[in-house]
Amino acid sequence: MDANEVYASLEKLFPGKVRDFKSDVREPYLFVEPAAIVEVCRFLRNAPGFRFEVLSDLTALDWPKQEIIQMVYHLFSYTHNHQIVLKVDLPRDHPRIATLENVWKVANWFEREVYDLFGVIFEGHSDLRRIMLPEDWVGYPLRKDYVEQEEYDGISTQRAPLVEKLLR
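First, a word on what this report is: a plain description of the structure on this page. (Residues numbered from 1 in each chain as written. Predicted model: local features only at pLDDT ≥ 70, side-chain atom pairs only at ≥ 80, totals over all residues. Heavy atoms only, no water.)

## Concerning the overall build of the chain
Looking only at helices and strands, the chain features four helices and nine strands. Scanning the chain from its N terminus toward the C terminus, one meets helices and strands in the order α-β-β-α-β-β-β-β-α-β-β-β-α. Residue burial in the chain is summarised as follows: out of 168 residues, 40% are buried. In the chain, 47% of the contacts between residues at least 6 apart in sequence involve partners at least 24 apart. Accessible surface, the chain as shown: approximately 9,800 Å² in total, 52% of it carbon and sulfur. Once the 21 positive and 28 negative side-chain charges of the chain are each reduced to a mean point, those two points are 3 Å apart. (Helix = DSSP H or I, 4+ residues; strand = E, 2+ residues; numbered from the N terminus. Buried < 20%, exposed > 50% of the residue type's maximum accessible area, 1.4 Å probe, protein only. Contact = heavy atoms within 4.5 Å. Areas by Shrake-Rupley, 256 points an atom, 1.4 Å probe, with all protein chains shown as cover. Lys, Arg positive; Asp, Glu negative; His and termini not counted. Charge placed at Lys NZ, Arg CZ, Asp CG, Glu CD.)

Below is the structure:
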């Protein structure tokens, strides 16, 4: 099944919950309404003609001008050798979405990383805490408006310019 067929099926099965399919790109994608992400993903994993057994990546993008954090889910089926990308737009000022941990166990760590670096809250997550940065770190480093602290725990976070390093 190709991405066009996946989208056509989802559009019929989940009216109003999927939209804006883009097929003329290397990795075809579609948008899913935030409230429907678990339902759509569970269907994509379990339905015989789809069988997306693998959540191969879950990440986010920060779009400050549009005031959104965009979730990006890469799904793959070993059974059928097909893939699709799902995108979900969340409000940047308070990004929240249901966890997919009960659909794919690997979502646990992916979601912790997105929480740590973008500040997205995954509702229902079993262990939502930072995974890369210390618990007391201020801010979310992959947001485009992030301003790095000058020091952390008494250690400078500033790095000498590359030119200075090369001249040494």
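Now that the structure is up, let's keep going.
## Notes on the pattern of salt bridges
Enumeration according to the criterion identifies ten salt bridges in this entry. Between E39 and K17 there is a salt bridge, with the nearest N and O atoms lying 3.0 Å from each other. You can see E39 sitting in helix α2 (residues 37-46) and its partner K17 sitting in the loop between α1 (3-13) and β1 (18-22), a full 22 residues away along the chain. Where D24 meets K22, a salt bridge forms, and the shortest distance between an N and an O atom there is 3.4 Å. (Salt bridge = Lys/Arg side-chain N within 4 Å of Asp/Glu carboxyl O.)

## So, the environment of I155
Tracing the sequence through the fold places I155 in strand β9 (residues 155-156). Judged by relative accessible area, which is 57%, I155 ranks as exposed. With 149 residues separating them along the chain, I155 and V6 place their C-alpha atoms 51 Å apart.

## A closer look at the sheet that holds strand β2 (residues 29-32)
With mixed pairing, the five strands of this open sheet are ordered in space as β1-β2-β5-β4-β3. If you trace the sheet from one side to the other, it starts and ends with β1 and β3 (54-63), each paired once. Taking each pair of neighbouring strands and ignoring which way they run, the sheet shows an average axis angle of 25°. Its contacts with the sheet put helix α3 (residues 107-118) on β3 and β4 (68-77), and the angle it makes with β3 is roughly 10°. (Pairing = 2+ DSSP bridges. Axes fitted to C-alpha atoms, helices over the stretch in contact; angles between N-to-C directions.)

## A few points about the side chain of H82
Mapped onto the elements of the fold, H82 is located in strand β5 (residues 82-91). Judged by relative accessible area, which is 5%, H82 ranks as buried. Side-chain polar atoms of H82 contact the backbone oxygen of F50, separated by 2.8 Å. Those residues in contact with H82, other than ones at most four positions away along the chain, are M1, G49, F50, F52, L75, F76 and S77. (Polar contact = N/O pair within 3.5 Å; in protein donor to acceptor, adjacent residues only side chain to side chain.)

## What about the packing of aromatic side chains?
In this description, a pair of aromatic rings is defined by centroid distance and the angle of the planes. Tallying each qualifying case throughout the model produces five aromatic pairs. With a centroid separation of 4.9 Å and an interplanar angle of 10°, the aromatic rings of Y7 and F21 are classed as stacked. Residue Y7 is found in helix α1, and its partner F21 is found in strand β1; the two are separated by 14 residues along the sequence. By relative accessible area, Y7 is classed as buried at 12%. On the basis of an interplanar angle of 80° and a centroid distance of 5.0 Å, the ring pair of F76 and Y78 is categorised as edge-to-face. We classify Y78 as exposed; its relative accessible area is 63%. In this structure an aromatic cluster arises from ring pairing among F14, F43 and F50. (Phe/Tyr/Trp six-rings, centres within 6.5 Å; stacked < 30°, edge-to-face > 60°.)

## Examining the nonpolar core
In terms of nonpolar packing, the biggest core is built from 38 residues, with M71, Y73 and L86 touching the most fellow members. Elements with a minimum of two residues in this core: α1, β2, α2, β3, β4, β5 and α3. Residue contributions to this core peak at five residues, all from α3. (Core = buried A, V, L, I, M, F, W, Y, C linked by side-chain atoms within 4.5 Å.)

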